[in-house]
Amino acid sequence: MILLTPSSGFFQRTNKLFLSEQATGLQIKEFARKNAANALSVANMVMGMASILSSLNGHQYLACWLVLIGYLLDLADGAVARRLDACSALGAKLDDFADFTTFGIATSLLLRTPDLLDNVLCMCYVMSVFVRLCFFSSGIPFMYRGLPCIYSSAILASASLLSGGNMAVLRVTAVAMILFMISQNFYPHDRVLESQAWKKAVYAGGVVMVFCSSFPPACVYYLLWSVSYILFPTSLWSCKV
């Protein structure tokens, strides 16, 4: 019969505690892996809600930059999910909710004025984003149908910053973006962070521009980036290029 000494009992308890902590550490790592992309989608949604509140309180400049930060987060969440092999139905739903919040509601409020026609334009913009998110699948691999709403939002936010909120400019821009979003034109999947090094450098430049947000022309960077996607979708931005 083997007697367990107090010291051996202590080592057993220590070993169990160590194994338990090790298992907990692995669970935390697995949770972080599965939810890293979801966290980016939630951050995008938070940017959208903050932009909405900023617009409602008359802080148009801040509202625009929050939309542009959401633009960067949206480009990152899909890349992180695929990189970590953490794509899920929940992640897809979160991404759609975040996109509708930031690139639908928040962006439309950049057009809001007391004028009835401007409010109608806001609603039309939101509905076009809704239609775009519901029917974006083209049935063709690596292709979207209609302009992705993140680019129309980035163009509208940049136009607002550059024009100082000039409503004539914003109305024309918004109508053009609505037509692009509901069009039957094909646009490539824009996996910027999963493509060539120069595209990753473009993304990194966008992050740097956030820290230059006190300098209004910094938003020209996002304007050129987004317009280039419309003008040269396949030759520049296809994930297969």
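Here the residue numbers are simple positions, counted from 1 along each chain's written sequence. Confidence filtering applies because this is a predicted model: local features only for residues at pLDDT of at least 70, side-chain atom pairs given and counted only at 80 or more, and all residues used for totals across whole chains, interfaces and linings. As a rule here, side-chain values cover all heavy atoms of the structure and leave hydrogens and water aside.

Comments concerning the state of the cysteines
Part 1 of the argument: The definition used for a disulfide is geometric: two cysteine sulfur atoms within 2.5 Å. Evaluation of the coordinates by the stated rule reveals zero disulfides.
Part 2 of the argument: Here Cys64 is not cross-linked by a disulfide; its sulfur's nearest cysteine counterpart is in Cys219, at 8.2 Å.

Some thoughts on a nonpolar patch on the surface
Part 1 of the argument: Each patch is built from residues lacking any salt bridge and having more than 30% relative accessible area; the joining distance is 9 Å for like charges and 5 Å for nonpolar side chains (Val, Leu, Ile, Met, Phe, Trp, Tyr). Only the protein chains shown count as cover for residues, and the accessible areas themselves come from Shrake-Rupley with a 1.4 Å probe. The rule for a salt bridge is simple: a side-chain nitrogen of Lys or Arg has to be within 4 Å of a carboxyl oxygen of Asp or Glu. Among the surface-exposed residues, Met127, Phe130, Val131, Phe135, Val175, Leu179 and Ile182 lie close enough to one another that they form a single nonpolar patch of about 660 Å² accessible area.
Part 2 of the argument: The set of elements that each furnish at least two residues to the nonpolar patch consists of helix H4 (116–134) and helix H6 (167–182).
Part 3 of the argument: With respect to the helices and strands, the residue Val175 is situated in helix H6.
Part 4 of the argument: On the basis of relative accessible area, Val175 is assigned to the partly exposed category, the value being 40%. The numbering of helices and of strands both runs from the N terminus, where a helix is a DSSP run of H or I of at least 4 residues and a strand a run of E of at least 2. Exposure is judged per residue with a 1.4 Å probe applied to protein chains only, and the accessible area is read against the type maximum: over 50% gives exposed, under 20% gives buried, and values in between give partly exposed.

Comments concerning the pattern of salt bridges
Part 1 of the argument: Within the structure shown, the criterion is met by two salt bridges.
Part 2 of the argument: Where Arg82 meets Glu194, a salt bridge forms, and the shortest distance between an N and an O atom there is 2.7 Å. Highlighted residues: Arg82 in helix H2 (residues 60–83) and Glu194 in the loop between strand E2 (186–188) and helix H7 (197–210), separated in sequence by 112 residues.
Part 3 of the argument: The class for Arg82 is partly exposed, based on a relative accessible area of 35%.
Part 4 of the argument: As a salt-bridge pair, Asp118 and Arg171 come within 2.7 Å of each other at their nearest N and O atoms. In this pair, Asp118 sits in helix H4 while Arg171 sits in helix H6, placing the two residues 53 residues apart along the sequence.
Part 5 of the argument: Judged by its relative accessible area of 3%, Asp118 is buried.

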